[in-house]
Amino acid sequence: MTTTETGSRDPDALVRRAGKRADTRQDQHFLVDDRVLDRIPEYAMDADVDLSHVLEIGAGPGALTDRLLATAETVTAIERDPDFAAHLREEFTEEIAADRLAVVEGDALEVDLPDFTASISNLPYGASSEIAFRLLPEQRPLLLMFQREFAERMAADPATDDYGRLSVTAGHYADVEIVETVPPEAFDPQPRVTSALVRTTPRQPDYTVPSDEFFMDFLKAVFTQRRKTMRNAVRNTAHISGLGDPDAVVEAADEDLMSARAGKLTPADFATLATLAYEVGQPEA
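No experiment lies behind these values; they were computed from the predicted model shown.

Caption draft 1: Region of interest: empty space enclosed by the protein. Per the counting criterion, the structure on display carries 1 cavity of 30 Å³ or more. Surrounding the largest cavity, Ala44, Val49, Ala118, Ser119, Ile120, Pro141, Leu142, Leu143 and Arg199 form its lining. Ranked by residue count, the leading element in the lining of the largest cavity is strand β5 (residues 118-122), at 3 residues. For the lining of the largest cavity, the residue count by class is 7 nonpolar, 1 polar and 1 charged.

Caption draft 2: Up close: the domain arrangement of the protein chain. Domain boundaries assigned for the protein chain yield domain 1 (11-202) and domain 2 (212-281). Distance from the C-alpha centre of domain 1 to the C-alpha centre of domain 2: 34 Å. Contacts between the two partners involve 9 residues from domain 1, matched on the other side by 14 residues from domain 2. Counting the surface lost from both domain 1 and domain 2, the interface buries some 990 Å², and carbon and sulfur atoms represent 64% of this. The three residues of domain 1 that bury the most area against domain 2 are Tyr163, Arg165 and Val168, which together make up 52% of that side's buried surface. Our count for the contact surface shared by domain 1 and domain 2 stands at 0 salt bridges. For the interface between domain 1 and domain 2, the tally reads 4 residue pairs in polar contact (both at pLDDT 80 or more). Looking at the side of domain 1 that touches domain 2 residue by residue, the classes come out as 5 nonpolar, 3 polar and 1 charged.

Caption draft 3: Structural context of helix α4 (residues 82-91). Burial in α4 covers these residues: Phe84, Ala85, His87, Leu88 and Glu91. All buried residues of α4 project into a common sector of 160° when viewed along the axis, lining one side. Lining the buried residues of α4 we find α1 (11-18), β1 (30-31), α3 (63-69), β3 (74-79), α5 (93-97) and β4 (101-105). One side-chain oxygen at the N-terminal end of α4 lies 2.8 Å from the backbone nitrogen of Asp83; it belongs to Asp81.

About the thresholds
Each chain has its residues counted from 1, running along the sequence as written. pLDDT decides what is reported in this predicted model: residues at 70 or higher carry local features, side-chain atom pairs at 80 or more are listed and counted, and totals for whole chains, interfaces and linings draw on all residues regardless. Side-chain descriptors were evaluated using all non-hydrogen atoms of the structure, hydrogens and water having been removed beforehand. A pocket, in this scheme, is an open set of points on a 1 Å grid over the protein atoms alone with protein on both sides within 12 Å along at least 5 of 7 lines, while a cavity is a set where a 1.4 Å probe fits but cannot get out; residues line either one if an atom lies within 4 Å of a point. Grid points are joined across faces, edges and corners, and a volume is the space filled by probe spheres set on the points. Helix numbering and strand numbering both begin at the N terminus, where a helix is a DSSP run of H or I of at least 4 residues and a strand a DSSP run of E of at least 2. Side-chain classes are defined by residue name, with Ala, Val, Leu, Ile, Met, Phe, Trp, Tyr, Cys and Pro counting as nonpolar, Asp, Glu, Lys and Arg as charged, and the others, Gly among them, as polar. Each domain span listed reflects an automatic or database assignment of domains. Contacts were defined at the residue level, with two residues in contact if any of their heavy atoms lie within 4.5 Å. Accessible area that two parts lose when put together, with a 1.4 Å probe and added across both, is what the buried area reports. By salt bridge we mean one thing: a side-chain nitrogen of Lys or Arg within 4 Å of a carboxyl oxygen of Asp or Glu. Residues adjacent in sequence count toward polar contacts only when both atoms are side-chain atoms; beyond that, a polar contact is any pair of N or O atoms within 3.5 Å, and within protein one must be able to donate a hydrogen and the other to accept it. Only protein chains enter the accessibility calculation, which uses a 1.4 Å probe. A residue is then buried if its area is under 20% of the maximum for its type, exposed if over 50%, and partly exposed in between. The directions considered for the arc are those from the helix axis to the C-beta atoms.

Printed below as a string of structure tokens:
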């Protein structure tokens, strides 16, 4: 146990006390740049995010955990690696005893999530997409570290090179913005890519869909053929979207929408088509 003041623990010293190096095969890249670590909670506070209960996924040796404890009322840290989970319990004994920190050992895709008010996390890259789309439907503010390429696709506007299924899906749940790019040198070991910190603000979309599940399946289907017109994309992907009569959708839809490619349509356009597909396309029950 250390008596270091919360919020000022040295990241490299935390790694040493953990007694274990990052396993890059498990996508472990520890954020060790003090300046970046100090800025992360500030991005949440700048947006007036409720920090009464912060969820951190992939806490590792605890450098970000330490910063979060300096600003949040309580933190729940989920850590899959049993050695790092044990280290967190020893390193933050006082905070745990004061009911300010709970350490959950397990896979963030499988464990029950607490009733958190925001999630602030340096995610393992390999599971970042799955974790993000487990968190987004919870309608809580998120501040998450991704590979920059993923972050740019997540925040992309329609008709841009990076725009795609990821952009529409993320934007269905929240406003998405990149608040900082982070160089490889900020991590230990250094990843081969630049990273980016993404802030999401929950909101309801300005359109309606029959159900989120059907909308997501429809998006998944048509974006598998993003280079084809929507007419062909709808017809060719019924095995993914679950449509029993894709031709009925094509015949009923607006010609301009059917002639466009997926990358040119707005989220509202997709919502219109998904609603039509649900109504006339005989989707699987």
